[in-house]
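# Structural characterization, general
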Amino acid sequence: VTGPQISNFELYLQQGMLAGEADVFRMAVAHLQDKAWMEAEVPRSMLRHLFDRSQAMSQDQVTNSRPVQLQGDFWNQVKNTAHREFAEHGHEFWSFDSYDDPMAHGHPITQFPWPHANLVFLFYHEARDGHSSLPDADWNFSTKQRFDTAAVPFSPEMLAPVGYVFIGTKKSKMKKRMLQAIYEGRPVIMVDNTPNLIKQMSLLVSALQKVFSRSSGGVQQFLRDDVSLGRNASTLEILEALKPSSLMQHIEEHFDVSGMEESERLNLSDIVGLIDFTKRRPQIIRDNVSIVDPLNTHPETIVKQAIHVMNIDFSNSSSARGHATVTQRSLVLHGWRLHHRLMLRANQLRGQVILLVVGYATAMVLSTILAICSIYLQTQQERYGKDAMYNASVPVNEEVIVMRFSLGDESKFLRLLILALPMAVGIFIALLSHLQVQQKWSAVRMAACKTESEIYMLLGSVGPYSGGASTMHKKFMRRLTELLKYLSMSGFNEEVVDGAIDAHWPEDNGELEQYINQYVYGIPPMSCAFRCLLCCGEALRLISPCCSCNGNDVEADAIDPIAPLTTDSYMQVRVQPLRRYYSKQGAQIMLTRLVLLGFLVACLSLCSGLSAFGFSVCVPTTLAVAAFFTTVIQWMVPAHVLNALNCANNTLTNLDLRWKGTEAFQNNAMSSKTRLIQTTEKVNWAVCATLTGAFTLSDDFDANDNDEDPLSRDLSRHSTSNSKLTPRSTSRTGSGRTTPNYYGRSRCQSGNITPRM
């Protein structure tokens, strides 16, 4: 596909076709009334002649189409002598480097769309007469500038996923376009030994691709001096040991950048950004980027390289990381709004559960302490009598307040408290059982988890959403409606069903991304101090180009929480954040358990010490405190949750390792994408089910697929026949029976084990 301006690449293709070395289908896209050919009479008359003989597209016209002969000698270099170079050399040579050069004025190649195209799309501005059945072109109209690409409502991505071939040129914004193509995982071919940025990038990428030879010998000159790696060092170890300044020096030694613009040169931050990107997604640099050297490489080798890079399956993506349609965007936003309400309600219920559990545990401890105090008072009464008086004086300003009370008064007060506290314990337990706050939290939290998985499967077009667009949208709304219906039937959804979802949330993608980070992946929002630091960094970037971070900015701009997901983008926005979240949560739960278990051991040790030294009256108090810590541990940080987080983290780590070790074309296959998304969502569902202590929904992520992915076979298969809400009424102490069996084999419905991929 070529636009109004012809590049060197089109000429190379045309020369290859004339020599019989290539067969390429060529398509040109331009504006019919572009100023470049409307300001010359001959091209204008030719285009008008072509337009006047056009007909409305139909099956008959396509089948029985007839060519239109363009009259004149516009392309005849013998008769068209208006331009000196064209009259002398024709299409074989011209001296101008760009269309802005004065020597380009009047050359036929600048006055007409690419004449060698097999298919030409011409967009035009309609006349406003309205008399004819077919709209006519307004021949008094022309675009505002010559070769106006902005006036053409067309993008190559409308036809198919796009790959890039970069040839050295002085074109502006080349660096931004190239880095963006690499970060998006597009196929990229760089023609080496061509000038400017392409030569710089070829040197840098060649050095990075040497890392994948699993030997540090090829990149020894780029390693830090304080690092010593063996011959069998891993790829990640070599990447960690790379010294960006050495790579920059290597580029400057092999290519003189004095003639390049500052904004189009590779700087140190670009190199750092590309190294960091290679650490996260090494298969992109290894498989999707190729460097060809037409001067020193055989043509057949170049063809094989190009086929390998361009033969990546992007059929299940929309331009590698596509854009959501209006309908899909609306559905995804509806899903996240529902998730927002569910999470807010779940957090409220969780707070109530913690309040009731801690309340009755504290009341039990206080009851035991007061009972011991009452026994102690009885011994004091037997020793001193009931009429023994206590005097307490408190100085206030210049006066002294004296309080007097007897042992009998104190005993009566303690009796009232001892009577009230057990009643409070009973009230807390009755409220926890009658209101079913724990079961409600489990159901609402599982519904939020299910909504989250439905959204990601819709964006990935897998599982129940692997059909057409209209079918996908209907299934998504039906499944969310069934989810709310089951919640309502179980009596757990008063506010969620009756309340209206705020149609104005979120205001933009940034607010949605912040919500997802906070409520799904546990990433807190940025504080004011951190925002100030970012603003300072942005100011430094504007002041000094060496402080820029274009690579990271390009990658960050490519992240859209509503865009359709490919395998690469799903790994980036879903699997990796889940891994970090599980690892962080596991560390926090482990630390909390260690602290609470430490207090528990201290209480029990104190209990033994008190018994040994004759303070037996204090033993029940320490045992009550130990029982309090035991209750908190069982309800807040149970051991099976830690086990589930560790197993889920291991499963996702295996997914990531397999992903990095697999060829790019296999990773981008639809089957690999389906397995990846379904396995990850099953892992997330199992962790959430273990955390809540009740399986409230069926894990029907694979819909029509009865075989389970081998990576998730450490998650036990649960019955899919019970699709209704089935909350358990047992406490968290017995919820371990409902957790997944991470050490058992996962079987499909037919009873056969899926073989390993």
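Residues numbered from 1 in each chain as written. Predicted model: local features only at pLDDT ≥ 70, side-chain atom pairs only at ≥ 80, totals over all residues. Heavy atoms only, no water.

### A few points about the packing of helix H6 (residues 174-183) against helix H7 (residues 197-209)
Between H6 and H7, whose axes approach to 10 Å, the crossing angle comes to 35°. Here the hand of the crossing between H6 and H7 comes out right-handed. Contacts between H6 and H7 pair Met 174, Lys 175, Met 178, Leu 179 and Ile 182 from the former with Leu 197, Ile 198 and Met 201 from the latter. Here the contact of H6 with H7 is composed, by residue class, of seven nonpolar, no polar and one charged. (Axes fitted to C-alpha atoms, helices over the stretch in contact; angles between N-to-C directions. Helix = DSSP H or I, 4+ residues; strand = E, 2+ residues; numbered from the N terminus. Left-handed = near helix turned anticlockwise from the far one by under 90°. Contact = heavy atoms within 4.5 Å. Nonpolar A, V, L, I, M, F, W, Y, C, P; charged D, E, K, R; others polar.)

### Let's talk about the packing of helix H9 (residues 244-254) against helix H10 (residues 268-280)
Contact geometry of H9 with H10 gives a least axis separation of 9 Å together with a crossing angle of 120°. Taken together, the axes of H9 and H10 lie oblique to each other. In this structure, H9 crosses over H10, and the sense of that crossing is right-handed. Of the residues in H10, those touching H9 at Pro 244, Ser 245, Leu 247, Met 248 and Ile 251 are Leu 268, Ile 271, Val 272 and Ile 275. (Parallel < 35°, antiparallel > 145°, perpendicular 65-115°, else oblique.)

### With respect to a nonpolar patch on the surface
A contiguous nonpolar patch, built from Phe 25, Leu 119 and Phe 121 and spanning about 280 Å² of accessible area, is present on the exposed surface. With a relative accessible area of 33%, Leu 119 lands in the partly exposed category. (Patch = residues over 30% accessible without salt bridge, like charges linked within 9 Å, V, L, I, M, F, W, Y side chains within 5 Å. Areas by Shrake-Rupley, 256 points an atom, 1.4 Å probe, with all protein chains shown as cover. Salt bridge = Lys/Arg side-chain N within 4 Å of Asp/Glu carboxyl O. Buried < 20%, exposed > 50% of the residue type's maximum accessible area, 1.4 Å probe, protein only.)

### Describing unusual backbone geometry
Even without glycine at this site, Phe 147 takes up a positive phi of about 55°. Mapping Phe 147 onto the fold places it in the loop between strand S2 (119-123) and strand S3 (164-166).

### Overview of the nonpolar core
Judged by nonpolar contacts, the single largest core of 70 residues is most densely connected at Trp 336, Ile 516 and Tyr 582. Considering every element that reaches this core, the biggest residue donor is helix H13 (residues 326-384), with 14 residues. If we ignore the near neighbours within four places in the chain, the residues touching Tyr 582 are Leu 645, Ala 648, Asn 649, Leu 652, Val 683, Asn 684 and Val 687. In this structure, Met 178, Val 188, Leu 204 and Ile 291 belong to the second largest nonpolar core, which totals 43 residues. (Core = buried A, V, L, I, M, F, W, Y, C linked by side-chain atoms within 4.5 Å.)

### Some details on the layout of surface pockets
In this structure, the second largest pocket spans a volume of roughly 1600 Å³. Residue lining of the second largest pocket: 38 residues in total, with Leu 50, Ser 54, Gln 55, Val 68 and Val 120 positioned closest to the centre. The set of elements that each furnish at least two residues to the lining of the second largest pocket consists of helix H3 (41-52), helix H4 (59-63) and S2. Looking at the lining of the second largest pocket, the element that brings in the most residues is H3, giving five residues. A per-class count over the lining of the second largest pocket returns 25 nonpolar, eight polar and five charged. (1 Å grid on protein atoms, 1.4 Å probe; cavity = no way out; pocket = protein on both sides within 12 Å on 5 of 7 lines; lining within 4 Å. Points joined across faces, edges and corners; volume = space filled by probe spheres on them.)

### Thoughts on the environment of Tyr 360
In this structure, Tyr 360 sits in helix H13. Judged by relative accessible area, which is 12%, Tyr 360 ranks as buried. For the pair Tyr 360 and Phe 428, spaced 68 residues apart in sequence, the C-alpha separation works out to 5.5 Å. Other than its neighbours up to four places away in sequence, Tyr 360 contacts Val 425, Phe 428, Ile 429, Leu 432, Thr 631 and Trp 635.

### Here's the deal with helix H25 (residues 670-692)
Under the 1.5 Å per step criterion, the end-to-end length of H25 is 33 Å for 23 residues, consistent within 8% with the ideal 33 Å. Most of H25 sits inside the fold, with 19 of its 23 residues counted as buried. Phi turns positive one or two residues past the end of H25, at Gly 693, with a value near 85°. (Expected span 1.5 Å × (residues − 1).)

### Let's talk about the packing of aromatic side chains
Within this structure, the stated rule accounts for 15 aromatic pairs. Relative to Trp 139, the ring of Phe 51 lies with its centre 5.9 Å away and its plane at 80°, an arrangement referred to as edge-to-face. On the criterion of sequence distance, the pair formed by Phe 51 in helix H3 and Trp 139 in the loop between S2 and S3 is long-range, its members being 88 residues apart. Trp 139 shares its class with Phe 51; the two are buried. Between Phe 121 and Phe 154 the ring centres are 6.2 Å apart and the planes differ by 70°, which places this aromatic pair in the edge-to-face class. Of this pair, Phe 121 sits in strand S2 while Phe 154 sits in the loop between S2 and S3, placing them 33 residues apart in sequence. (Phe/Tyr/Trp six-rings, centres within 6.5 Å; stacked < 30°, edge-to-face > 60°.)

### Regarding the sheet that holds S3
Strand pairing in a sheet takes place through backbone hydrogen bonds and is either antiparallel or parallel in direction. Taken together, the three strands give an open sheet; going across it, the order is S3-S4-S5, and neighbouring strands pair in parallel fashion. In this open sheet, the two strands that pair with only one neighbour each are S3 and strand S5 (289-292). Pairwise comparison of adjacent strand axes, ignoring direction, gives a mean angle of 20° for this sheet. Note that S3 and strand S4 (residues 188-191) share three bridges and pair parallel. The residue bridging Tyr 164 from the neighbouring strand is Val 188, located in S4. (Pairing = 2+ DSSP bridges.)

### Concerning the pairing of strand S1 (residues 27-31)
The buried fraction of S1 amounts to five of the five residues, a majority that puts the element mostly inside the structure. Going residue by residue along S1, you find Met 27, Val 29 and His 31 tucked away on one face and Ala 28 and Ala 30 tucked away on the opposite face as well.

### Re H6
Counted residue by residue, H6 has seven buried out of 10 residues, so it is predominantly covered. Within the span of H6, buried status applies to Met 174, Lys 175, Met 178, Leu 179, Ala 181, Ile 182 and Tyr 183. Positive backbone phi, approximately 80°, marks Gly 185, located one or two places after H6.

### Brief notes about the environment of Met 472
Among the secondary structure elements, Met 472 is positioned in helix H16 (residues 469-489). Remark: the alpha-carbon pair of Met 472 and Val 462, spanning 10 residues in sequence, is separated by 9.7 Å. Residues within four places of Met 472 in sequence aside, it is in contact with Leu 458, Ser 461, Tyr 465 and Gly 467.

### Points about the pattern of salt bridges
In this structure the tally under the stated criterion is 14 salt bridges. Linking Lys 279 and Glu 240 is a salt bridge whose minimum nitrogen-to-oxygen distance equals 3.4 Å. Note that Lys 279 is positioned in helix H10 and Glu 240 in helix H8 (residues 235-241), a separation of 39 residues in sequence. Owing to a relative accessible area of 41%, Glu 240 belongs among the partly exposed residues under this scheme. Close ionic contact of Arg 286 with Asp 287 constitutes a salt bridge, the shortest N to O distance being 3.1 Å. Residue class for Arg 286 comes out partly exposed when judged on its relative accessible area of 28%. Under the relative-accessibility criterion, Asp 287 is labelled buried at 6%. Overlapping salt bridges, with partners in common, bring together Glu 240, Asp 276 and Lys 279 in one network.

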